[in-house]
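# Breakdown of the fold
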Amino acid sequence: MSGVASPVAGTGAPPLWRVLGDEGFRLFFPLAALHGALWPFLWVVIGGLALPLDSAVAPGTWHAHEMIVGSFGAALIGFLTTAVPEWTDTEPPRGRPLWLLAGLWGAARCVGLLGWDGGLGLAALADLVWMALLLAWLVHLSLRRRTDRLIAFMLWVALLIAAEAMTRWGMLRGKPDLAAAAAHGAGFVFLGLLGIALARITVPVTNLVLDPSEETSPFRPHPGRLNLSAGLVFVALAGEALGLSEAVRGYLWIAAGAGFLDRVAENFVGRAFFRLEILGLALAAGFTGAGLLLIGASLLDAPFGQTAGLHMALMGGLGIGVLQVLSVAGLIHSGRSLPFPRGLRLAFGTMALAVLLRAGPDLGLLGHPFGAPYLAASLLWSAGLLTWLWLYRTCLGDAGQLRARGC
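Residues numbered from 1 in each chain as written. Predicted model: local features only at pLDDT ≥ 70, side-chain atom pairs only at ≥ 80, totals over all residues. Heavy atoms only, no water.

### Notes on the overall build of the protein
Which entries qualify depends on this criterion: A run of DSSP states H or I qualifies as a helix once it reaches four residues; a run of E qualifies as a strand once it reaches two. Both are numbered from the N-terminal end. Using C-alpha atoms as the atom set, the radius of gyration is obtained and then compared with a globule rule of 2.2 Å times the number of residues to the power 0.38. Only protein chains enter the calculation, and the probe is 1.4 Å; a residue is then buried if its accessible area is under 20% of its type maximum, exposed if over 50%, and partly exposed in between.
Counting its regular elements, the protein contains 13 helices and zero strands. Reading the helices (α) and strands (β) of the protein from amino to carboxyl end gives α-α-α-α-α-α-α-α-α-α-α-α-α. Against the compact-globule benchmark of 22 Å for 407 residues, the protein has a radius of gyration of 20 Å, which places it among compact chains. For the protein, the spread of C-alpha atoms along the three principal axes comes to 60 × 50 × 45 Å. Burial statistics for the protein: of 407 residues in total, 54% are counted as buried.

Here it is, written out as structure tokens:
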């Protein structure tokens with residue numbers, strides 16, 4: 001359903017901080033976009049793949065952790081605190097709870113931005129607390145509303161907490177291999193979350209594209225696909241945790257990649273497939289599937305390492321999936337509707353190109369286009385997120401649409 005704005009008490013326009021704190025997406029979507037745009041730029045262009053402070057933790061591990069838990073973590077907070085209240089017909093968190101989550105999230109990001117070993121304990125506590133608060137809130141709503149609709153999200157947030165705890169333990173105890181593996185594990189957990197999020201937004205988005213009147217539901221996917229991709233990621237993660245052989249783990253990741261490619265096939269609905277609202281869903285699932293296939297192939301002795309697959313899946317699939325979620329939810333929950341704003345194709349296009357330029361050299365398909373390693377990829381990636389933020393600045397800060405409700 002299209003959102004309908006509710007009047008806000010008072011006659012004057014509320015200050016910006018109150019507008020941003022009115023609902024999760026207004027505060028955390030911009031934080032996700034800003035952090036996701038600035039971190040690669042600062043790390044590659046300004047720092048030359050180094051951090052401001054000398055750290056015992058490898059810069060690459062800091063980079064992976066901050067992009068996954070930092071940028072994508074902010075998007076997760078914004079998405080859940082906005083969508084879950086509508087799924088459960090409850091009031092969303094507003095004001096202080098949201099600013100508390102933002103403060104915890106931001107404290108950890110400051111430590112990561114510097115690569116400050118002395119702040120590792122503080123950063124670990126801050127990240128684990130906001131994750132635990134998010135999980136406790138989901139459990140509370142599930143029990144209060146007596147619904148099982150949130151169980152999948154609760155499971156994946158719990159796994160995210162476990163991965164974050166292992167990452168921080170590895171950082172604090174000087175175990176670089178554990179820290180790096182757990183940081184990548186957190187990325188795979190986010191892929192599980194992406195799988196169930198895509199499954200839940202694909203149906204309403206596709207139906208709205210096919211029938212803007214919302215009088216019919218022409219698109220009805222097979223129900224067995226709802227949790228297929230996320231479930232296969234869970235099985236592959238279990239294989240990693242159990243220490244199965246490389247061959248077995250390789251085939252498990254290939255199966256998980258096939259699950260996401262099945263989501264791509266689900267998006268073929270005729271000419272409407274080329275509408276960005278649907279094409280973005282296909283790009284997210286496609287990059288994820290391709291990345292997981294590459295990871296599986298690398299474990300089966302393919303002539304390349306896992307780095308290309310990791311960037312294809314996490315930077316490409318997860319990054320473009322997050323952009324799709326920001327774009328859909330940013331419209332619907334601010335009282336607007338599809339289609340996407342003009343110019344958003346530029347954001348998706350530059351981010352997709354950034355992924356190809358980042359993964360291409362690791363696959364031996366191309367060299368670095370110009371300048372320092374990964375310079376072009378980081379600039380294009382940052383440009384895509386900043387383009388989204390510019391196009392959505394009015395939606396996010398529109399005081400006239402406070403308390404708008406969508407589905």
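### A closer look at the nonpolar core
Selection criterion: What makes a nonpolar core is a set of buried Ala, Val, Leu, Ile, Met, Phe, Trp, Tyr and Cys residues whose side-chain atoms join them at distances within 4.5 Å. In what follows, residue pairs with any heavy atoms lying within 4.5 Å of each other are defined as contacts.
If you look at the biggest cluster of nonpolar residues, it comprises 124 residues, and the most contacted ones within it are Leu 80, Trp 130, Leu 138, Trp 253, Leu 292 and Trp 388. In this structure, Leu 292 is in contact with Phe 188, Leu 191, Val 233, Trp 253, Ile 254, Ala 256, Gly 257, Phe 260 and Ala 313, ignoring residues within four places of it in sequence.

### Details of the pattern of salt bridges
Here is the rule: In what follows, salt bridge is the name for a side-chain nitrogen of Lys or Arg lying within 4 Å of a carboxyl oxygen of Asp or Glu.
Tallying each qualifying case throughout the model produces 10 salt bridges. Where Asp 127 meets Arg 168, a salt bridge forms, and the shortest distance between an N and an O atom there is 2.8 Å. Placement of the pair is Asp 127 in helix α5 (residues 120-145) and Arg 168 in helix α6 (residues 151-172), with a sequence separation of 41 residues. With respect to class, Asp 127 is no different from Arg 168; both count as buried.

### Concerning helix α12 (residues 344-363)
Heads up, the condition is: To estimate the expected span of a helix, count its residues, drop one, and scale the result by 1.5 Å.
The terminal C-alpha atoms of α12 lie 29 Å apart, and with 20 residues this matches the ideal 28 Å at 1.5 Å per residue to within 8%. Immediately downstream of α12, the backbone of Gly 364 shows phi near 75°, a positive value.

### Here's the deal with the confidence of the model for the protein
Inclusion rule: Per-residue confidence from the predictor is reported as pLDDT, a score between 0 and 100.
When the pLDDT values of the protein are averaged, the result is 91; 94% of them are 70 or greater. For residues 1-10, every residue scores under 50 in pLDDT, and the model assigns this stretch 20 contacts once sequence neighbours within four places are set aside.

### What to know about the environment of Gly 106
Positionally, Gly 106 belongs in helix α4 (residues 96-114). Residue class for Gly 106 comes out buried when judged on its relative accessible area of 18%. Considering only alpha carbons, one finds Gly 106 and Ala 238, 132 residues apart in sequence, at a separation of 31 Å.

### Some thoughts on the side chain of Glu 277
Cut-off, in case you're wondering: The definition of a polar contact used here is a pair of N or O atoms within 3.5 Å, where within protein one atom must be able to donate a hydrogen and the other to accept one, and adjacent residues in sequence count solely through side-chain atom pairs.
Counting through the fold element by element, Glu 277 comes out in helix α10 (residues 276-299). A distance of 2.8 Å separates the side chain of Glu 277 from the backbone nitrogen of Phe 340, its partner in a polar contact. Non-local contacts of Glu 277, meaning those with residues more than four positions away in its chain, are made with Val 205, Val 209, Gln 324, Leu 338, Pro 339 and Phe 340.

### Regarding the packing of helix α7 (residues 176-210) against helix α9 (residues 246-266)
We apply this condition: Axis definition: a line fitted to C-alpha atoms, over the contacting stretch in the case of helices. Angles run 0 to 180 degrees between N-to-C directions. Roughly parallel covers angles under 35 degrees, roughly antiparallel covers those over 145, roughly perpendicular covers 65 to 115, and oblique covers all other angles. The handedness criterion is simple: a crossing whose near helix is rotated anticlockwise from the far helix by less than a right angle is left-handed, and one whose near helix is rotated clockwise is right-handed. By the convention adopted, Pro, Cys, Tyr, Trp, Phe, Met, Ile, Leu, Val and Ala count as nonpolar, Lys, Arg, Asp and Glu as charged, and the other residues, Gly among them, as polar.
Remark: α7 packs on α9, axes separated minimally by 12 Å, with the N-to-C direction vectors making an angle of 25°. Relative to α9, the element α7 is oriented roughly parallel. Crossing of α7 over α9 shows left-handed handedness. Facing α7, whose interface residues are Phe 188, Leu 191, Gly 195, Leu 198, Ala 199 and Thr 202, α9 presents Trp 253, Phe 260, Arg 263 and Glu 266. Residue composition of the contact of α7 with α9, by class: six nonpolar, two polar and two charged.

### A closer look at the packing of helix α11 (residues 307-332) against helix α13 (residues 375-397)
In the contact formed by α11 and α13, the axes pass within 10 Å of each other and the chain directions differ by 10°. Taken together, α11 and α13 sit at an angle that is classed as roughly parallel. On the side of α11, the interface is formed by Met 315, Gly 319, Leu 323, Leu 326, Ser 327, Gly 330 and Leu 331, while α13 contributes Trp 381, Trp 388, Tyr 392 and Cys 395. Tallied by class, residues from the contact of α11 with α13 come to eight nonpolar, three polar and no charged.

### Overview of a nonpolar patch on the surface
Counted only if it meets this: Patch membership is restricted to residues that have no salt bridge and whose relative accessible area is over 30%. Joining uses 9 Å for like charges and 5 Å for the nonpolar side chains Val, Leu, Ile, Met, Phe, Trp and Tyr. Using a 1.4 Å probe, accessible areas were evaluated by the Shrake-Rupley method; residue-level cover was limited to the displayed protein chains.
Together, Leu 34, Leu 38, Leu 42, Val 45, Ile 46, Leu 53, Leu 113, Leu 114, Trp 116, Leu 379 and Leu 386 give the surface a local cluster of nonpolar side chains, amounting to about 880 Å² of exposed area. Counting only elements with at least two residues in the nonpolar patch, the list comes to α2 (24-46), α4 and α13. Ranked by residues supplied to the nonpolar patch, first place goes to α2 with five residues. Turning to its location among the elements, Leu 53 is positioned in the loop between α2 and α3 (59-88). Leu 53 sits in the partly exposed class, given a relative accessible area of 36%.

### Examining the environment of Gly 24
Residue placement: Gly 24 occurs in helix α2. A relative accessible area of 0% means that Gly 24 is categorised as buried. Between the C-alpha atoms of Gly 24 and Leu 76, which are 52 residues apart in sequence, the distance is 9.7 Å. Excluding anything up to four places from it in sequence, Gly 24 contacts Phe 29, Gly 78, Thr 81, Thr 82 and Leu 98.

### Section: the packing of aromatic side chains
Our working definition: Aromatic rings from Phe, Tyr and Trp, taking only the six-membered ring of Trp, are treated as a pair when their centres fall within 6.5 Å; an angle between ring planes under 30 degrees marks them as stacked, one over 60 as edge-to-face, and anything in between as tilted. By the criterion adopted, a ring carries a charge over it if an Arg CZ or a Lys NZ lies within 6 Å of its centre and within 35 degrees of its normal.
Inspection of every chain in the model, using the stated rule, returns 11 aromatic pairs. Each ring, one from Phe 273 and one from Phe 274, has its centre 5.3 Å from the other, and the planes form 85°; the classification is edge-to-face. Here a set of aromatic residues connected by ring pairs shows up, and it is made of Phe 79, Trp 87 and Phe 153. Residue placement shows Arg 358 over the ring face of Tyr 374; its charged tip is 3.9 Å from the ring centre. One residue, Arg 393, lies across the ring of Trp 390, its end atom 3.7 Å from the ring centre.

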